[in-house]
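Letter by letter, the chains look like this.
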Amino acid sequence: MESTTDKVAEALYESGCIKFGLFKIKSGALSPYYIDMARLLSKPKELCVITDIAAQKICQINDNVSLLTKLASIELKGALIAPSIACKVNLPCVIVRKEEKAYGATGRIAGADVEKGDKILFIDDVISEGLSKIEGIKPLQELGAEVKHMLVIVNREQEGVEKMEKAGYTVHALTKISEIVTSLQKNRKISAEQTEIVLRYIKK
C-alpha cells in the first residue's frame, strides 16, 4: 500500500514539479533540486492527488482545533492550489497579494472577506526558511483574523518549520524532501547518487 509520501512524491515527479540539477533559490543559495508547484496545473490527475491529500490533512487539523472558517494563501504558488483544496473542504478561500492593488477592488486581499475572529489556515507550496510566510500571514492578522496553523506540501528541511513554530505557529507538512527523494529512489525514478546529493545538501 502506497504511503502519503509515495503518492505525493510520484505526483510531483510525474507532473514535473520536482526537478534535479543546480538551481538558484529565493535566498540566493544554490540547491540541487527545485520544486515548481505551478506544473501541477498541466497535470489534472496529479493535481487532484495533491489536493485530495491536503484536504484530508485539513479535515484532521479541523478535528483537533476550534473550527476553521477560511483558508488563505499568498500569490503565486500557494494561491494556485489553495482554491482547489478549498472546494474539497467547503471553506471560503482568501488570496493575499504581495503588493497593494491600486485600482478596482483595491488592497491586498482577494477572494473572501477577512473578518475579525476568523480562524484561518494558511497554505503554501513549500517551506524553506519560513520568512515569506510572515508576509502572507501579517495582513490577515491586521484584519483581526487568528492564524495559528499552516499547511505546506513539502518541508524543504531548512529550519523553516522550527522557526515558524518558535514564532507560535503550528506547521503541518504533507511530507519532507528527504522522504520524497528516498521514495523516488525506492521506486526507481531517480538514482542513488541524486538522492545522496539532496540528502547531503539538507544536512549542510
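See the structure shown above.
As a starting point, this report considers the structure included with it.

Rules and cut-offs
- Residues numbered from 1 in each chain as written.
- Predicted model: local features only at pLDDT ≥ 70, side-chain atom pairs only at ≥ 80, totals over all residues.
- Heavy atoms only, no water.
- Helix = DSSP H or I, 4+ residues; strand = E, 2+ residues; numbered from the N terminus.
- Rg over C-alpha atoms; globule rule 2.2 N^0.38 Å.
- Buried < 20%, exposed > 50% of the residue type's maximum accessible area, 1.4 Å probe, protein only.
- Contact = heavy atoms within 4.5 Å.
- Areas by Shrake-Rupley, 256 points an atom, 1.4 Å probe, with all protein chains shown as cover.
- Lys, Arg positive; Asp, Glu negative; His and termini not counted.
- Charge placed at Lys NZ, Arg CZ, Asp CG, Glu CD.
- Core = buried A, V, L, I, M, F, W, Y, C linked by side-chain atoms within 4.5 Å.
- 1 Å grid on protein atoms, 1.4 Å probe; cavity = no way out; pocket = protein on both sides within 12 Å on 5 of 7 lines; lining within 4 Å.
- Points joined across faces, edges and corners; volume = space filled by probe spheres on them.
- Salt bridge = Lys/Arg side-chain N within 4 Å of Asp/Glu carboxyl O.

1. Some remarks on the overall build of the protein chain
The helix and strand tally for the protein chain stands at seven helices and eight strands. In summary, the protein chain has a C-alpha radius of gyration of 17 Å against a globular reference of 17 Å for 204 residues, a match within 12%. By the burial criterion, 46% of the 204 residues in the protein chain qualify as buried. Nonlocal contacts in the protein chain, meaning residues at least 24 apart in sequence, comprise 59% of its contacts between residues at least 6 apart. Entry remark: accessible area of the protein chain is about 10600 Å², with carbon and sulfur atoms responsible for 50%. Here the protein chain holds 30 positive side-chain charges and 27 negative ones, and the gap between their average locations is 2 Å.

2. A word on the nonpolar core
In this structure, L12, M37, I58, L71 and I177 are the most contacted members of the largest nonpolar core, which totals 44 residues. No other element matches the seven residues that helix 2 (residues 44-64) contributes to this core. With near-sequence residues (within four places) excluded, L71 lies in contact with I58, A82, I85, A86, V89, L91, P92, C93, V94, I120, L121 and I123. Within the second largest apolar cluster, 19 residues are counted, among which are I120, I127, M164 and V171.

3. Describing unusual backbone geometry
One non-glycine residue, E157, adopts positive backbone phi at about 60 degrees. Mapping E157 onto the fold places it in the loop between strand 7 (146-155) and helix 5 (160-166). On the basis of relative accessible area, E157 is assigned to the partly exposed category, the value being 22%. Positive phi, normally seen in glycine, also occurs at R188, with a value near 60 degrees. In this structure, R188 sits in the loop between helix 6 (177-186) and helix 7 (192-203). With relative accessibility at 80%, the residue R188 sits in the exposed group.

4. Looking at the layout of surface pockets
The calculated volume of the largest pocket comes to roughly 670 Å³. Taken together, 23 residues make up the lining of the largest pocket; nearest its centre are K26, V126, S128, S132 and K133. Within the residue set of the lining of the largest pocket, elements represented by two or more residues are strand 2 (30-35), helix 3 (77-89), strand 6 (119-127) and helix 4 (131-142).

5. Quick look at the environment of A110
One can find A110 in strand 5 (residues 107-111). Put simply, A110 and K138 are 28 residues apart on the chain and 15 Å apart in space, counted from C-alpha to C-alpha.

6. Points about the pattern of salt bridges
Within the structure shown, the criterion is met by seven salt bridges. Between K189 and E14 there is a salt bridge; the shortest N-O distance is 2.9 Å. Of the two residues, K189 sits in the loop between helix 6 and helix 7 while E14 sits in helix 1 (residues 4-14), which places them 175 residues apart along the sequence. Note on K189: relative accessible area 30%, which makes it partly exposed. E14 gets classed as partly exposed once you look at its relative accessible area, which sits at 34%. With a shortest N-O distance of 4.0 Å, E196 and R200 are connected by a salt bridge. Linking E196 with R200, this pair stays in helix 7, spanning four residues, or about one helical turn. On the basis of relative accessible area, E196 is assigned to the partly exposed category, the value being 36%. The exposure class of R200 is partly exposed, given its relative accessible area of 48%.

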